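Listed below are the residues making up each chain.
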Amino acid sequence: MNILQHKLSSGFVACIAIIVCYISFTRQPTDAYLFPRVISVFFLGLALWTFIKALLGLSKVGNGLSLTMFKNMFPGILISSIYLFIAAKSLGFYTATTIAFFLLLISYDPAPHTNLNSWTKRIIITACFIAIMYTLFAKILVVYTPRGMFI
Amino acid sequence: MDFIFYFGEVFTLTSMLLLIGGTIGGLIMGATPGLSPTMTVALLIPFTFNMTPVHGLILLGAAYTSTVAGGAVSAILLKIPGAPANIATTLDGNAMARKGEGAKALQLSFISSLIGGIFGVFLLIFLTPVLAKMANSFGYSHTFWLAIIGVTVIGSLEAGSVVKGLLSGCIGMWLATIGFDDIQGVKRFVFHPALGGGVNIIPALIGLFAIPQVITMFAKGRFQTDIKQITVKKHPISQAFREVFSRKRALAIGTSIGSVIGLIPGVGGQIAGLLAYDQAKKFSPEKAKFGTGHSEGVIAAESANNAMVGPSLVPLLTLSIPGSPTAAVLLGGLIIHGIFPGPTLFQDYPEVIWPFINSMLIGQILMCIFGIYIASLAARVAQVPQFIMAAIVLGLAAFGSFAVQQSMGDVYVMVVLGTMMYFLERFGFSAAPLVLGLILGPIAESNFVTGSLISTAQNGPFIYFFTGGLNIVLVSIVILSVGFSIWSEITAKRQET
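Note that the coordinates shown come from a computational prediction; the quantities given were computed from them, not determined experimentally.

Q: Just checking my understanding: could you explain helix α2 (residues 13-31) of chain B for this structure?
A: In an α-helix there are 3.6 residues to a turn, and that puts residues three or four apart on one side. Counted at 1.5 Å a residue, the expected span for α2(B) with its 19 residues is 27 Å, and the 27 Å between its end C-alpha atoms agrees. Among the residues of α2(B), B:S15, B:L18, B:L19, B:G22, B:T23, B:I24, B:G26, B:L27, B:I28, B:M29, B:G30 and B:A31 are the ones counted as buried.

Q: What should I look at first to understand the packing of α2(B) against helix α4 (residues 53-77) of chain B in this one?
A: Each pair of packed helices gets described by two things: the angle between the helix axes and the distance between those axes. Residue and element names in this part refer to chain B. In contact at an axis separation of 6 Å, α2 and α4 are set at 30° when each is read in the N-to-C sense. Considering the angle they form, α2 stands roughly parallel to α4. In this structure, α2 meets α4 at a crossing whose hand is right-handed. The residue inventory of the contact of α2 with α4, partitioned by class, reads 13 nonpolar, 14 polar and no charged.

Q: I tried to follow the packing of helix α3 (residues 67-90) of chain A against helix α4 (residues 93-108) of chain A on my own but got confused; where do I start?
A: All names here are of chain A. For the pair α3 and α4, the least separation of the axes is 10 Å and the interaxial angle reads 175°. In terms of orientation, α3 and α4 fall into the roughly antiparallel class. Facing P75, G76, I79, S80, Y83, A87 and A88 of α3, the residues of α4 in contact are F93, A96, I99, A100, L103, L104, S107 and Y108. Here the residues of the contact of α3 with α4 are counted per class, giving 12 nonpolar, 3 polar and no charged.

Q: Where do I start with the confidence of the model for chain B in this structure?
A: Detail in the predicted coordinates should be disregarded across regions flagged by low pLDDT. Residues with a pLDDT of 70 or more make up 93% of chain B, whose mean pLDDT is 84. Per-residue pLDDT, averaged within each element of chain B, yields its smallest value for helix α1 (residues 2-5) of chain B (76) and its largest for helix α18 (residues 408-425) of chain B (92).

Q: How should I be thinking about the confidence of the model for chain A in this particular structure?
A: In the predicted model, chain A carries a mean pLDDT of 88, and the fraction of residues at 70 or more is 97%. Taking the mean pLDDT of every element in chain A, the minimum, 90, falls on helix α5 (residues 116-140) of chain A and the maximum, 93, on α4(A).

Q: Even after reading the chapter, I still don't get the domain arrangement of chain A, so can you show me in this structure?
A: In many reports, interface size means the accessible area that the parts give up when they come together. With domains assigned, chain A is organised as domain 1 (3-55) and domain 2 (67-150). One C-alpha centre belongs to domain 1 of chain A, the other to domain 2 of chain A; they are set 38 Å apart.

Q: Which parts of the structure should I look at to understand the interface of chain B and chain A?
A: Listed as interface residues are 50 residues of chain B and, on the opposing side, 50 residues of chain A. Put simply, the parts of the chain that give the side of chain B that touches chain A at least two residues each are α7 (162-177), α8 (201-219), α17 (386-405), α18 and α19 (431-457) of chain B. At 11 residues, the largest contribution of residues to the side of chain B that touches chain A is made by α17(B). For the side of chain B that touches chain A, the residue count by class is 32 nonpolar, 11 polar and 7 charged.

Q: How do you make sense of unusual backbone geometry when you look at a structure like this?
A: Note on backbone geometry: most residues besides glycine have negative phi, and most peptide bonds are trans. Residue A:P29 is reached from A:Q28 by a cis peptide bond, and omega for that bond is -5°. Relative to the elements of secondary structure, A:P29 occurs in the loop between α1 (3-26) and α2 (34-55). A positive phi angle is found at B:Q406, which is not glycine, with a value near 50°. The topology assignment puts B:Q406 in the loop between α17 and α18.

What counts and what doesn't
Residues numbered from 1 in each chain as written. Chains lettered and ligands numbered in written order. Predicted model: local features only at pLDDT ≥ 70, side-chain atom pairs only at ≥ 80, totals over all residues. Helix = DSSP H or I, 4+ residues; strand = E, 2+ residues; numbered from the N terminus. Expected span 1.5 Å × (residues − 1). Buried ≥ 20, exposed ≤ 12 C-beta atoms within 10 Å, placed from the backbone. Axes fitted to C-alpha atoms, helices over the stretch in contact; angles between N-to-C directions. Parallel < 35°, antiparallel > 145°, perpendicular 65-115°, else oblique. Left-handed = near helix turned anticlockwise from the far one by under 90°. Nonpolar A, V, L, I, M, F, W, Y, C, P; charged D, E, K, R; others polar. Contact = placed C-beta atoms within 7 Å. pLDDT = per-residue confidence, 0-100. Domains from an automatic or database assignment.

Below, the structure is given as structure tokens:
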């Protein structure tokens with residue numbers, strides 16, 4: 001059913017194993033790569049075994065991903081990626097978290113977007129969450145997060 | 001009897017507040033489907049940074065104990081196990097709730113969890129120092145093989161496929177080699193500046209356990225939650241106590257199976273609960289009642305999954321080998337506080353370890369009291385829509401990972417590892433062996449390298465690592481665990497066809 005997906009995932013792992021094995025056996029000094037060499041041999045052997053099984057269509061463990069699942073998770077992954085890789089540093093941790101949290105609620109809340117109550121609910125939930133996070137991390141744990149544009 | 005001497009530390013105001021907070025929080029988190037005990041403990045670690053090691057560990061221990069028991073609330077009232085360890089509880093617990101015996105099922109579950117849990121912690125108290133003394137005589141080769149056992153046992157049992165489980169373990173061990181080599185100081189596999197200091201355990205743990213859950217919640221899309229909580233009618237607690245003690249067989253089976261399973265690295269609460277349920281059914285004269293709301297089913301399953309908690313820490317505290325994924329996360333918590341488990345742990349840090357173990361004992365009692373009285377509240381929290389939970393967990397994961405070293409690199413490592421793990425899990429790979437590989441990798445490497453250096457001056461590596469009684473026993477365990485899992489997989493496939 002998901003033969004192509006199994007091939008792709010096991011192929012990806014096999015590629016990593018080949019790179020790890022190549023680096024372990026070619027880089028110097030040898031002593032520093034003694035343990036990685038041992039591990040990489042097993043890593044490569046198991047990865048190739050899995051890849052060959054997938055190529056032969058014998059890999060059956062795991063259900064893979066359906067198009068619906070991918071479509072559902074896409075907005076969440078996109079928002080999270082922009083939040084963590086770009087916005088957290090440039091906008092500041094708390095601002096970025098507030099925006100990302102609110103966008104996630106908008107994207108996944110089944111309540112209709114035309115309903116004013118649902119918007120109020122989303123704003124209140126976001127405000128409460130960020131207030132708790134600020135109290136916990138900025139005030140109690142004294143974590144200095146990036147302030148981004150607010151510096 | 002050293003543990004009695006350190007009981008005072010548990011009864012200080014801060015410790016008690018942390019114990020109560022950890023227990024209540026753990027019960028609520030445990031009752032929330034999707035928030036596993038492992039993920040809860042991983043997300044809590046950053047909150048312990050500013051605490052003393054004793055207080056940090058007390059909080060983590062209380063959360064570990066109560067999340068396992070809290071999972072029974074949603075299993076009974078919502079028919080959704082809060083954690084894999086509570087799957088067996090759903091079978092009879094929810095049937096009881098549907099018959100109007102929800103309160104009774106909850107009381108039975110928390111009382112049997114208390115009895116199983118206390119037995120498990122006593123096993124931890126009495127077995128750990130004995131095993132630690134034995135472990136004192138271990139050499140480099142033995143410690144190396146023990147680390148390998150930790151990865152291979154969990155790798156062969158946890159994943160759906162033995163090969164993919166072992167492959168996950170190898171990936172974890174490789175990830176552990178990223179960064180500077182301890183002996184020569186050489187940079188290895190540093191493909192990005194964020195990896196300069198290696199893969200930090202805590203962000204990796206948060207990513208590997210929290211992010212796949214977040215993406216799983218995203219993958220469900222914009223759906224209307226349709227979870228119906230069963231209303232709970234009052235039930236006298238004294239009757240529940242009488243019922244538990246009248247079902248001695250189920251209680252004994254659950255407690256003993258849970259304790260033994262906990263001692264085996266990697267087997268975990270899910271197997272303990274299901275195996276205890278199955279055995280209690282086999283030995284019961286009322287077999288036909290199982291699955292229809294029989295109290296023995298709840299008692300056996302819940303006593304087993306909590307009896308497993310204490311013993312799962314025995315190999316962790318004495319040999320540095322975590323008995324379960326949650327124990328692996330606790331190891332991360334210990335390391336963060338500068339405590340390295342091993343044979344000398346009880347000599348080096350008695351003032352930290354004994355209060356931690358004692359707090360687990362008190363935590364079991366608190367878990368039972370609070371569990372019974374706040375179960376309905378926990379069930380209500382468990383109905384918080386998944387999209388809100390996903391956003392909360394993502395925020396906590398980001399802040400928690402950053403807080404470890406105040407580094408964005410850790411956040412990147414957390415999110416990349418977590419996202420990769422989600423996709424790999426969809427194809428039969430498992431996070432638990434990967435985490436054990438990551439944690440035990442440095443232990444295996446340092447002992448392997450030191451052992452190799454010694455062996456070159458003696459009779460060579462083969463004789464050093466493969467000969468001698470203990471080496472042969474340990475290598476045999478590795479081979480047997482892998483062999484048994486392959487045999488089980490082949491048998492299961494034959495039965496399917």
